[in-house]
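Understanding the architecture of this molecule
This is what each chain is made of:
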Amino acid sequence: MLVHTAAAESKGEHSFSRVSRRQRRSQAQRLFFFLTLFITASLLLTSCSTGGSKPASQLTPERKVREIELYVTTADYDPVRYEFGMMVADQWRKLGLDVKVTPLAWPRLSQLGIKEKNYDAFTLNWAGLADRIDPDHFVFLTLHSSQAGVGQYNIAGYNNPEYDKIAEESRRATDPEKRRELVFKAQEIFARDLPYAPIAHRNQLMAYNKRDFDNVTTMMGEGLNAFWNFLSITPKGNKKVAVWGYPSDVTNLNVLTSTNAHDHQTARLIYDKLVQIDPEGKAIPWAAESIQQPDPKTVVVKLRKGMTFQDGKPVTSEDVRYTYQLINEVKSPYFMGRITQLGKVEAPDPQTVVFTLKEPSASFVANTLAQVYILPKHVWSKILADKGAKGVLEYQNEKPIGSGPFKLEYWRRDQEMKLTRFDKYYQPAKVEGILKIPYANVQGMTTALEAGECDIGGWSLEPGQAKKLSGLSHLAVLDIPDHGFYHINYNMRRLPFDDLAVRKALTLAIPKKAIIDQLLEGHGVIAYSFIAPINKFWHNPKVEKTDYDLEKARQVLKTAGYEWDASGKLYYPVGKSDQKK
Amino acid sequence: MLARLQELWTIFRRDRLGVVGLLIFTLFLLVALFAPYLAPYDPMESLYRPDGSFARQDPPSWRHPFGTTRMGRDVLSQVIIGSRVALLVGLTSAFITTFIGTNIGLIAGYYGGWIDDLLMRLTDIVYGIPFLPFAIILVAILGPGLTNTIIAIVLISWRTTARVIRSQVLTLKQRTFIEAARLTGASNLRIIYRHLVPNVLPLSLVYTALNLGWAIMTEASISFLGYGDPRLVSWGSILFSAYVAQAVYDAWWWVGPPGLAITLLVMSGFFISRAVEEIANPRLRER
Amino acid sequence: MRRLAQMVLTLFVLITILFFLFRILPGDPLTMFLDAALPVEVQELVRAQFGLDKPIGEQYYLYMRNLLRGEFGVSFYYRRPVLEIIGDKLINTLFLMVASLTITFAVGVLGGSLVAWQRGSTLETLAVGLVIFLRSAPEFWLGMMALALFSYRLPLFPLGGMNTPGQNFHGFLEQYFSLDFLHHLLLPALVSASYYLATPFLVMRGSMIEVMKEDFIEMARAKGLRERQVLYRHGLRNALLPVVTVLALLIGFAIGGQVLIETIFRWPGMGREMVLAVQRNDYPVAQAAFFLMGVTVTFLNFLADLLYGYLDPRVTYD
């Protein structure tokens, strides 16, 4: 009902005239503006009505809070972010702020927002990637003051020594229980300071063919694309090969080069890893038989016995060691960021790898060992010798050899990729193979699911489509919680966002529930912290909950000394002004 | 003057399709002018059913003759408001295009020599540019928005007008009245704008009407690919949101009306241009 | 010869405009392909890998030099040579275009001359109205409606794509000359054909009307030839000339329109790839696709000019 009333309030001023005035302003800065203006004027003459606002006596003009600009994505890039940006702006205007919403194409948005940090506020989604299950990404990378530089992830420019100390400690705490306490504390401080406003964790809606397959396994962030799903999914009848649909094709199977998430979702079926993240989000030894940490800076890994690559050669510790050497040598864009804490790697005997860290690291196992594959030395050393470091990065790797549960049978780009079960794998898959089909877009994948041509839908469905598909007898549609979340970044380097009262008030004005109900059609949960409830071990359920409450938002501003003029525009407390540098 | 207009109207009226085109165009113009009064709802407002539930993708009814969108917005209101963008872009680009194209054609044709050469080579180059891909790239780079859409359209579509007007000028130049004007010592500018312009104007108008259609179509295509001004409701953007919401197969009421509106308006441009052509080119009338 | 030089000049200007167009955007085209967590030195390395660390003048020189050698660079998104990516797509695009233009011309020429013959009839008004209606409807909208109607409601055609997924074709011939391919081809070809129809239809109609006023038709009639014979033996042949010229221009126009039809029908062609590349900021691919379209258009314009001069001796090129 919330937005209904909101819209009703603004009904007096017709929305088109509001839009057109704003439109005209932005055009005025551009070329040809006068010509457009001419036509605009002749067409829109009827819709002009400007209410002049006079500040009350003691409210000097320099105290007026400037217009703030909210960047959102374009509607095709993400309709949800676009739409909730509009909803939020409407609410912020009710607090007496002038808000301009500017949709930007993603490259431009990430340039201004993430890279240059040249923005007031913008909507972003932290995707639920596998290496974001470990809290380090959110606790440290998005909030520690050392991460606020060009291109780094502390986008808001949060700088709180108290918080920094806890974040640093959490990085070093190798004891999970101790680390958990610190992560809980970090979430509490975050929820109080609100450098960015978490809004919602969006559930993934994924469908699979329940007539021919059962035993699917899902995972936060990954849904049906989880590594475990392809091991567990079991044919019920004669259909032994599962068709895995996705809107686009794998771009590149060279894992050293590709930075595309779906490439890695596919590559990890071919290349094995020492450690996997289990469906609950815990790092567990996988190709490693055991992992020991004799001291905080040393990690000793024992390999499983009898593992082989798909060409029959054995997997040894030297392959593991070589992989890290190769990453360093070619400066792999995907892995370099994941081995920053690593000092050296040694292979004292064929079954043992010893990692020496530069400093104690709590996330090394989850964010390094569980991300880096085991590449066969006998294959890659030859490529390196033939083509050099640059050549390795340009290598297309169209016939990959790994030691994972599936091997590549053939791949015809944009048409299909066939993966067959690798029978010598220590935990063989139940299906005989996977046929991977790129359907060109989500609509294509959805219709293929509907027609029974596709067995595993690898992309989250639109709620409307999900409802339709769940009505079909051969399909099951799963509602899978995600640990990623939508949020709005405030630029704390700038007025008025430097003030906690403003951030608090703005966050109180975000209609989180309405966003989930209307835009996600109920498939999501409200976010208060940077760790999702589904990430049970790390999620702190007791943080301060900032829910929509416009009245309280006004109260917070009032208490902090903010005032409003007769027309309801917001003014800074005495002594504060945008004009003062 | 009045008699001349009346005569033109008589000729125009003979073309049945031309009259239909003019009627459609006038209708859309009126809708665009009075759009805020005609639209029953705010086009961006999410609406609720009488029972208080969210009006998500409702089929047509008395409350919503064209149904609602996924976000519960009234399609009829969107189509009505969207006519403004179509006409704004259409008319603005058509007039600027005609202005630029006619002038280039006049100058090239009248002066001849290296000026003609230069301008016509430029026209050739522009002829080598695939229109829609260029518009998409330009708008993607300069940023979505009406101004950039208009710039992209104008940058390309003056080429046809320029070529046609030039060849018309080349023919006119041979005629005695131009010689006469020159002999009386009229300046070049005077000859171009006093003597040539009135004679090429009808032909320019043919292309104005054609360009109007093209501009509307291009704007719709650009918006449909997601490069329209995200803050404005246009017919292309309505279709785009239906496509993005994957509602094309289920919600015909969301897809049909805006597409039909584009078709009718573009068609009216074609019809009008054909009728005007008969005025501009008397030879056609003899058939 | 002079025309040829002009064509080369046109292409040169086209590439140059395009090159700088893609670089006026402030910021770094690789932003979206690089993880912000990457150490700065590594980001610089990747930039160097794509030659983006060099000054723009040098980048331009290198780009031009490589282009002359037939190299279009490496795609940011696929991390593969652009030519490899575009090559297949170009073939797919050509298949669709040739199919739709064949339909358009067959129907346009026959329909146009028929209508000219029936000048003044209601049939004429209706037919002219219809082809103009089809030309006025946005191609993407026609496509969506056709898909909703003939693929979704009545499952006569596949819902887009170029082949039924999961078919293991052996080789080029098997893939492009299979029944399955034709089945996928038909609907998009028909939709774009109906969109282009107005051009050959109206040109044919116009030129037929002109030709029928010529003396030799009267003479043929006077000789006592039957109406149909007059129409086909004399009229059609002479009236066809302008249509042939307009063919070249229409192909040039159609290649731009492929962008929309390929997007709607998920046809893995060059137009769709260009749109995707623009969305992905993958400049090398977008540039190459646009360049190839520009080359085609320019070449066809050149051809149309030549044809026009050849068919109509009054036009000479100095």
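Everything numeric in this text was worked out from a predicted model, so none of it was measured.

Some thoughts on the packing of aromatic side chains
Ring pairs (aromatic) are described by centroid distance and by the angle formed between their planes. With the rule as written, the count across this model stands at 48 aromatic pairs over all chains. Each ring, one from Tyr249 of chain B and one from Tyr152 of chain C, has its centre 4.7 Å from the other, and the planes form 15 degrees; the classification is stacked. Separated into two different chains, Tyr249 of chain B in the loop between α10 (235-244) and α11 (252-280) and Tyr152 of chain C in helix α6 (residues 139-153) make up a pair that spans both. By relative accessible area, Tyr249 of chain B is classed as buried at 7%. On the basis of relative accessibility, which here comes to 22%, the residue Tyr152 of chain C falls in the partly exposed class. Measuring from ring centre to ring centre gives 5.4 Å for Phe19 of chain C and Tyr63 of chain C, while their planes differ by 45 degrees; the resulting arrangement is tilted. Here Phe19 of chain C, found in helix α1 (residues 2-24), pairs with Tyr63 of chain C, found in helix α3 (residues 56-68); they are 44 residues apart in sequence, far enough to count as distant. Grouping aromatic residues by their ring pairs yields a cluster made of Trp126, Phe138, Tyr153, Phe190, Tyr196, Phe485 and Phe530 of chain A. Seen from the ring of Trp286 of chain A, Arg304 of chain A lies directly overhead, with NZ or CZ sitting 5.5 Å from the centre.

Description of helix α8 (residues 179-196) of chain C
For α8 of chain C, which comprises 18 residues, the first-to-last C-alpha distance of 25 Å matches the rise-based estimate of 26 Å (1.5 Å per residue) to within 8%. Among the residues making up α8 of chain C, those that are buried are Asp180, Phe181, His184, Leu185, Leu187, Pro188, Ala189, Val191, Ser192, Ala193, Tyr195 and Tyr196 of chain C.

Observations concerning the sheet that holds strand β2 (residues 99-104) of chain A
Residue and element names in this part refer to chain A. The strand order across the open sheet built from 6 strands is β2-β1-β3-β20-β4-β21, with neighbouring strands paired in mixed fashion. The two strands at the open ends of the sheet, each matched to only one other strand, are β2 and β21 (524-526). Here the strands of the sheet are splayed against their neighbours by 25 degrees on average, with no regard to which way each runs. Alignment of strand β1 (residues 68-73) against strand β3 (residues 121-126), held across 2 bridges, turns out to be parallel. Looking at β3, one finds that Leu70 is bridged to Ala121.

Looking at the packing of helix α7 (residues 146-173) of chain B against helix α9 (residues 188-224) of chain B
Residues and elements named next belong to chain B. For the pair α7 and α9, the least separation of the axes is 9 Å and the interaxial angle reads 155 degrees. The angle between α7 and α9 places the two elements in the roughly antiparallel class. Taken as a pair, α7 and α9 cross one another with a handedness that is right-handed. Facing Thr149, Ile153, Ser157, Thr160, Thr161, Val164, Ile165, Gln168, Val169 and Leu172 of α7, the residues of α9 in contact are Leu196, Asn199, Val200, Leu203, Ser204, Tyr207, Asn211, Ala215, Thr218, Glu219 and Ile222. Of the residues assigned to the contact of α7 with α9, the class counts are 11 nonpolar, 9 polar and 1 charged.

Some points on the interface of chain C and chain B
Taken together, the 52 residues of chain C in the interface contact 44 residues of chain B. Contact between chain C and chain B buries roughly 4,400 Å² in total, counting both sides, with carbon and sulfur atoms accounting for 74%. Considering only the side of chain C, the residues that lose the most area to chain B are Phe140, Trp141 and Met144 of chain C, jointly responsible for 12% of the buried surface there. For the interface between chain C and chain B, the tally reads 0 salt bridges. For the pair chain C and chain B, the interface holds 6 residue pairs in polar contact (both at pLDDT 80 or more). Of all the secondary-structure elements, those providing two or more residues to the side of chain C that touches chain B are α1, α5 (122-136), α6, α9 (198-213), α11 (227-264), α12 (270-279) and α13 (283-311) of chain C. Ranked by the residues each element gives to the side of chain C that touches chain B, the list is headed by α1 of chain C, at 10 residues. Grouping the amino acids of the side of chain C that touches chain B by side-chain chemistry returns 33 nonpolar, 11 polar and 8 charged.

Quick notes on the sheet that holds strand β12 (residues 298-303) of chain A
Residue and element names in this part refer to chain A. One open sheet holds the 4 strands; their spatial order is β11-β12-β14-β13, and the pairing between them is antiparallel. The open sheet has two free edges, formed respectively by β11 (288-295) and β13 (342-349), since each of these has just one partner strand. Looking at each pair of strands side by side, their axes are set apart by 20 degrees on average, direction ignored. Of the strand pairs in this sheet, β11 and β12 are connected by 5 bridges, and their pairing is antiparallel. Among the inter-strand pairings, Ser290 is bridged to a residue of β12, identified as Lys302. Packed onto the sheet, helix α11 (residues 317-330) meets β12, β13 and β14 (352-357) and runs at close to 160 degrees relative to β13.

Looking at the environment of Leu129 of chain A
Here Leu129 of chain A lies in the loop between β3 and α6 (136-141). Distance in space between the C-alpha atoms of Leu129 of chain A and Cys454 of chain A is 24 Å, their sequence separation being 325 residues.

A word on the domain arrangement of chain C
Residue and element names in this part refer to chain C. Taken domain by domain, chain C consists of domain 1 (2-68) and domain 2 (88-311). When domain 1 packs against domain 2, the two sides together hide about 1,600 Å² of surface, and 76% of this comes from carbon and sulfur. One can count 0 salt bridges joining domain 1 with domain 2. The interface formed by domain 1 and domain 2 contains 0 residue pairs in polar contact (both at pLDDT 80 or more). Looking at the side of domain 1 that touches domain 2, the elements that each hand over two or more residues are α1 and α3. Broken down by element, the side of domain 1 that touches domain 2 gets its largest block of residues, 11 residues, from α1. In terms of residue class, the side of domain 1 that touches domain 2 is made up of 14 nonpolar, 1 polar and 2 charged.

Scoring rules and cut-offs
Residues numbered from 1 in each chain as written. Chains lettered and ligands numbered in written order. Predicted model: local features only at pLDDT ≥ 70, side-chain atom pairs only at ≥ 80, totals over all residues. Heavy atoms only, no water. Phe/Tyr/Trp six-rings, centres within 6.5 Å; stacked < 30°, edge-to-face > 60°. Helix = DSSP H or I, 4+ residues; strand = E, 2+ residues; numbered from the N terminus. Buried < 20%, exposed > 50% of the residue type's maximum accessible area, 1.4 Å probe, protein only. Lys NZ or Arg CZ within 6 Å of the ring centre and 35° of its normal. Expected span 1.5 Å × (residues − 1). Pairing = 2+ DSSP bridges. Axes fitted to C-alpha atoms, helices over the stretch in contact; angles between N-to-C directions. Parallel < 35°, antiparallel > 145°, perpendicular 65-115°, else oblique. Left-handed = near helix turned anticlockwise from the far one by under 90°. Contact = heavy atoms within 4.5 Å. Nonpolar A, V, L, I, M, F, W, Y, C, P; charged D, E, K, R; others polar. Buried area = accessible area lost by both parts, 1.4 Å probe. Salt bridge = Lys/Arg side-chain N within 4 Å of Asp/Glu carboxyl O. Polar contact = N/O pair within 3.5 Å; in protein donor to acceptor, adjacent residues only side chain to side chain. Domains from an automatic or database assignment.

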